[in-house]
Amino acid sequence: MIDIHCLGSSSAGNAYRISDGKTALLLEAGFPFKSLQRALKFRMSEIAGCLITHEHLDHSKAAKDIMKAGINVYTSQGTADARGLSGHRLKVIKAMTDLQIGTWNILPFDIQHDVEEPLGFLLANTAGDKLVFLTDTFYCRHRFRDLTHIMVECNYSMDIVKERVATGRLHPAQMKRLLKSHFGLDHVKDFLKANDTRKVQEIWLLHLSDGNSDEERFKREIQETTGKLVRVAGR
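We now turn to the structure provided with this report. (Residues numbered from 1 in each chain as written. Predicted model: local features only at pLDDT ≥ 70, side-chain atom pairs only at ≥ 80, totals over all residues. Heavy atoms only, no water.)

**Observations regarding the environment of Lys 180**
Condition: The way it works is that DSSP assigns letters per residue, a run of H or I at least four long becomes a helix, a run of E at least two long becomes a strand, and they are numbered from the N terminus. Exposure categories follow from relative accessible area, calculated using a 1.4 Å probe and restricted to protein chains: below 20% of the type maximum is buried, above 50% is exposed, and the middle band is partly exposed.
Mapped onto the elements of the fold, Lys 180 is located in the loop between helix 6 (172–179) and helix 7 (185–194). Assessed through its relative accessible area of 54%, Lys 180 is described here as exposed. A C-alpha to C-alpha distance of 5.8 Å links Lys 180 and Phe 138, two positions 42 residues apart in sequence.

Here it is in structure tokens:
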């Protein structure tokens, strides 16, 4: 059984603790280190490793401090270079080359975002659980089988974005960047329909935009689409 604990999920910062009861991992490190310590009740020593998808600070802010605390950080060379990460606690990983951290087998995969070498992660454990973690992308070409848990960005809805542009509350340039860097509600629906969700126990919607989303609507529509338990990650 996978336990997922959201430490924060928004443009202000992203971090999630996941555990299978044997090995605890941190997905993203987008808050100051002291904030992460408090959120984890100062039990940082329980974290076996930290996976970071890309260089933006709302996902990687604490990376250097996490390594100073003796925890390995796993990320791409592109992200490491962009954030100036180095040292023996840095573990450079590549898309489609798997790695092992404790009881987790992890397959990084390529995604599309406006940064150097961003990654998504497929995590499987010895108990047969399989979790996909996908955020900050506008397209995922990969398909996954036997998923039990899905953590996926659901940043915006196109109709809300268009309405905000029409009323002058969102600049057209911001809309253009949004559409080329983030997963929206329609993307999530298409992604879920394209993947094997028969065994899925829960779906987590991540990184909802403050102005371009509707939490209750997104949760309801994804539940109607999948028939699965849907949770919205707290901001």
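**Regarding the sheet that holds strand 4 (residues 47–51)**
Under the convention used in this document: A pair of strands is treated as paired once DSSP finds two or more bridges between them. Fitted lines through C-alpha atoms give the axes, limited to the stretch in contact for helices. The angle between two N-to-C directions lies from 0 to 180 degrees.
Pairing is mixed in the open sheet, where six strands are placed in the order 1-2-3-4-5-6. In this open sheet, the two strands that pair with only one neighbour each are strand 1 (3–10) and strand 6 (90–92). Between one strand axis and the next, the sheet turns by 20 degrees as a mean value, whatever way the strands run. Note: strand 1 against strand 2 (residues 13–19), seven bridges, orientation antiparallel. Note that in strand 2 the partner of Asp 3 across the bridge is Ser 19.

**Focus on the environment of Lys 41**
The residue Lys 41 is located in the loop between helix 1 (33–39) and strand 4 in this model. As for Lys 41 and Asp 129, which are separated by 88 residues in sequence, their C-alpha atoms are 26 Å apart.

**Quick look at the pattern of salt bridges**
Inclusion rule: Whenever Lys or Arg places a side-chain nitrogen within 4 Å of a carboxyl oxygen from Asp or Glu, that contact is recorded as a salt bridge.
Scanning the entire structure with this criterion turns up eleven salt bridges. Notably, a salt bridge pairs Arg 17 with Glu 46, separated by 3.5 Å at the nearest N-O pair. Here Arg 17, found in strand 2, pairs with Glu 46, found in the loop between helix 1 and strand 4; they are 29 residues apart in sequence, far enough to count as distant. For Arg 17, a relative accessible area of 17% puts it in the buried group. When the shortest N-O distance is used, the salt bridge between Glu 163 and Arg 169 registers 2.4 Å.

**Observations regarding the packing of helix 7 against helix 8 (residues 215–226)**
Basically, it comes down to this: Here is the rule for angles: anything less than 35 degrees is roughly parallel, anything more than 145 is roughly antiparallel, 65 through 115 is roughly perpendicular, and the remaining ranges are oblique. Put simply, a crossing is left-handed when the front helix is turned counterclockwise from the back one by less than a right angle, and right-handed when it is turned clockwise. Whether two residues touch is decided by their heavy atoms; if any such pair falls within 4.5 Å, the residues are in contact. Under the grouping applied here, Gly and all other residues not named as nonpolar or charged are polar, the nonpolar ones being Ala, Val, Leu, Ile, Met, Phe, Trp, Tyr, Cys and Pro and the charged ones Asp, Glu, Lys and Arg.
It is the contact of helix 7 with helix 8, at a shortest axis distance of 11 Å, that shows an interaxial angle of 20 degrees. Judged on the interaxial angle alone, helix 8 and helix 7 are roughly parallel. In the packing of helix 7 onto helix 8, the handedness of the crossing is right-handed. Residue-level contacts link Leu 185, Val 188, Lys 189, Leu 192 and Lys 193 of helix 7 to Arg 217, Phe 218, Glu 221, Ile 222, Thr 225 and Thr 226 of helix 8. A breakdown of the residues in the contact of helix 7 with helix 8 according to their chemical character gives five nonpolar, two polar and four charged.

**Concerning the sheet that holds strand 8 (residues 104–110)**
Spatial strand order, 7-8-9-10-11-12-13: seven strands in an open sheet with mixed pairing. In the strand order of this sheet, the two ends are held by strand 7 (99–101) and strand 13 (229–232), each with one partner. Neighbour-to-neighbour, the strand axes of the sheet open up by a mean angle of 20 degrees, direction not taken into account. Relative to strand 8, strand 7 runs antiparallel, the two being bridged by three bridges. Its bridge partner being in strand 8, Ile 101 is matched across the sheet by Trp 104. Contacts from helix 7 reach strand 10 (130–134), strand 11 (149–153) and strand 12 (202–206) within the one sheet, and its direction differs from that of strand 11 by about 150 degrees.

**A closer look at the side chain of Asn 155**
Put simply, the test is: In protein, a polar contact requires one atom able to donate a hydrogen and another able to accept it; more generally it is a pair of N or O atoms within 3.5 Å, and residues adjacent in sequence count only if both atoms are side-chain atoms.
Here Asn 155 shows up in the loop between strand 11 and helix 5 (158–166). For Asn 155, a relative accessible area of 5% translates into the label buried. Among the polar contacts listed, one links the side chain of Asn 155 to the backbone oxygen of His 207, at a separation of 2.8 Å. Beyond its immediate sequence surroundings of up to four residues, Asn 155 is in contact with Leu 178, His 182, Phe 183, Gly 184, Leu 206, His 207, Leu 208, Ser 209, Asn 212, Ser 213 and Phe 218.

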